[in-house]
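# Structural overview
The residues making up each chain are set out below.
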Amino acid sequence: MRIPKDALVWLPGCVARRRPPLARPADVLFAFVDHFEPEQRPGDPLELQTSRIREWIERYEEAAAGHADCRGRSPRHTYFFPEEQYRPESLAPLASHCARGFGEVEVHIHHDGDTGDVFRAKMIRFVERLSGHGLLSRDRVDGRTGYAFIHGNWALDNSRADGRWCGVDDEIRILGETGCYADFTMPSVPDEGGTQTSTVNSIYFADDDPLRPKSHDRGRPVVFGGKGSGDLLLIQGPLALNWRSRVRGVFPRIETGDVSSTSPVTRDRVRLWIDRRIGVRGKPDTVFVKVHTHGLKPRNFDFLMGGGLEAAFGLVERECRDAGRFRLHYVSAREMANVVYAFNDGVDRPIEELFDYRFAPPGSGR
């Protein structure tokens, strides 16, 4: 078994004692986020990129049609679209797909050697472009356009040890200044660049140190009614050791919430996601499950659209239904973040009333 070089950074958090069983029925918020990259090889023709998106949309809508959460809502995919791959022709079909209720589009970027000023300009321009397609939300408090974020190559806040694939030590502060309401990058294991944080399985606020990288390594957990704040809210996915799936029958597999051709969803994995009890302190009856994929990678596309996606939905629904302790809610990244902000403010209402709490649905205004 190959042990990741940075295991001592994140492993202690993974083996910490789990939270006790829930005492009453819990709400499980399930968000499926996608590093959605239509240009799979440099120079892929625009026609090929657009055809990939159109085929994904057609087959995704077919796969999602037979699935629903406890309120009858279909699965909601969150498409983190790369800034450097923006083409108006690519966004048009995706915008129509999202308008039909199948998901939302957020911000993704791959960059290298940027300065803060260059990065800020890229974010401002891209946010304006996505807003022009009616794809981003608006903050009900100040009226600004808001967005969720995933960093390409996992290198949020210049966190790679070699300094590649970012370059911006004050990236967290710039994200907040340009409207980012939550980051969904983590976990990043088994990235060999040292990007994984020592904070795992958490929802927390981080403050930026503009003179040092990886300011999000630690932060302040969100607490119900705590009214916390910071330069950036981070909503992490599961990171754990899966002792029920072993390498060579001995070593536990590392669970990162990746759904792909090499990591199909199983019932044991779904249970592990829920058992991480990622959530807001003081609200143990709500579990946040964020998993991820690279849906347009050819092997992943074939796997997901060849039954892998429907199987994933079915296993999540079955685990929540059969366990009898969980109410499943399919949510977008924005809806998940809204619940966090509501809990942070001490709002205790039915979950479905919090999905649009602060950041309004795309195209709806304030």
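Note: the structure precedes this text.
Report on the accompanying structure. Along every chain, residues carry numbers that run from 1 in the direction the sequence is written. For a predicted model such as this one, the threshold for reporting local features is a pLDDT of at least 70, and the threshold for listing and counting side-chain atom pairs is 80 or more; totals across whole chains, interfaces and linings nevertheless cover every residue. With hydrogens and water stripped out, all remaining heavy atoms of the structure feed into the side-chain values.

The secondary structure listing takes helices from DSSP runs of H or I that are at least 4 residues long and strands from runs of E that are at least 2 residues long, numbered from the N terminus. Every helix has an expected span of 1.5 Å times one less than the residues it contains. If you check helix α2 (residues 46-64), its first and last C-alpha atoms are 27 Å apart, about what 19 residues at 1.5 Å a residue would give, namely 27 Å. Burial classes: relative accessible area under 20% of the type maximum marks a residue as buried, over 50% as exposed, and values in between as partly exposed (1.4 Å probe, protein chains only). Listed as buried for α2 are Q49, T50, R52, I53, W56, I57, Y60, E61, A63 and A64. An end-on view of α2 places all buried positions within 155° of arc, on one side of the element. Exposed residues on α2 whose side chains face more than 90 degrees from its buried face are E47, E58 and E62. Here, the arc refers to the directions that run from the helix axis to the C-beta atoms.

Once that is clear, we can look at the packing of aromatic side chains. The criterion for an aromatic pair is that two Phe, Tyr or Trp rings (for Trp, the six-membered ring) have centres within 6.5 Å, with stacked assigned to planes under 30 degrees apart, edge-to-face to planes over 60 apart and tilted to the rest. All chains considered together, the criterion is met by 17 aromatic pairs. A ring pair is formed by F224 and F343, whose centres lie 5.9 Å apart and whose planes are at 65°; its orientation type is edge-to-face. One end of the pair, F224, is in the loop between β8 (220-221) and β9 (232-235); the other, F343, is in helix α8 (residues 333-344), and 119 residues separate them in sequence. Linked through ring pairs, F30, F32, F36, W56, Y60, Y79, F102, W273, F301, F313 and Y330 together constitute an aromatic cluster. Geometrically, a charge over a ring is one whose NZ (Lys) or CZ (Arg) sits within 6 Å of the ring centre while staying within 35 degrees of the ring normal. The lysine or arginine in question, K283, covers the ring of F224, its NZ or CZ lying 5.6 Å from the ring centre. The side chain of R358 reaches across the aromatic face of Y341, ending 5.4 Å from its centre.

The salt bridge definition used is simple: a Lys or Arg side-chain nitrogen within 4 Å of an Asp or Glu carboxyl oxygen. Inspection of every chain in the model, using the stated rule, returns 29 salt bridges. Between E61 and R100 there is a salt bridge, with its nearest N and O atoms 2.7 Å apart. Of this pair, E61 sits in helix α2 while R100 sits in the loop between α3 (88-99) and β3 (103-109), placing them 39 residues apart in sequence. When its relative accessible area of 18% is taken as the criterion, E61 is described as buried. In this structure, E353 and R349 form a salt bridge, with 3.3 Å as the shortest nitrogen-oxygen distance. Connected through salt bridges with shared partners, the residues R73, R76, E104, R334, E335 and D356 form a single ionic network.

Looking now at unusual backbone geometry. With the exception of glycine, most residues fall at negative phi, and the peptide bonds are largely trans. The amide bond that connects M186 to the next residue, P187, takes the cis arrangement and shows omega of 5°. With an omega dihedral of 15°, the bond running from V189 to P190 counts as a cis peptide bond. One can find P190 in the loop between β6 (180-183) and β7 (203-206). Here N201, not a glycine, exhibits a phi torsion of approximately 50°, which is positive.

Let us now look at the packing of α2 against α3. To define axes, lines are fitted to C-alpha atoms, for helices over the stretch in contact only, and angles between the resulting N-to-C directions are given on a 0 to 180 degree scale. Close contact between α2 and α3 brings their axes to 9 Å; oriented N to C, the two are set at 10°. Considered as vectors, α2 and α3 are oriented roughly parallel to each other. Here L46, Q49, T50, I53, R54, I57, Y60 and E61 of α2 lie close against α3, whose contacting residues are E89, S90, P93, L94 and H97. Residue composition of the contact of α2 with α3, grouped by class: 6 nonpolar, 4 polar and 3 charged. Reported orientations rely on four angle classes, namely roughly parallel under 35 degrees, roughly antiparallel over 145, roughly perpendicular from 65 to 115, and oblique for the rest. The contact rule is simple, with two residues in contact once any of their heavy atoms fall within 4.5 Å. Residues are sorted three ways: Asp, Glu, Lys and Arg are charged, Ala, Val, Leu, Ile, Met, Phe, Trp, Tyr, Cys and Pro are nonpolar, and all the rest, Gly among them, are polar.

In short, geometric facts, not functional conclusions.
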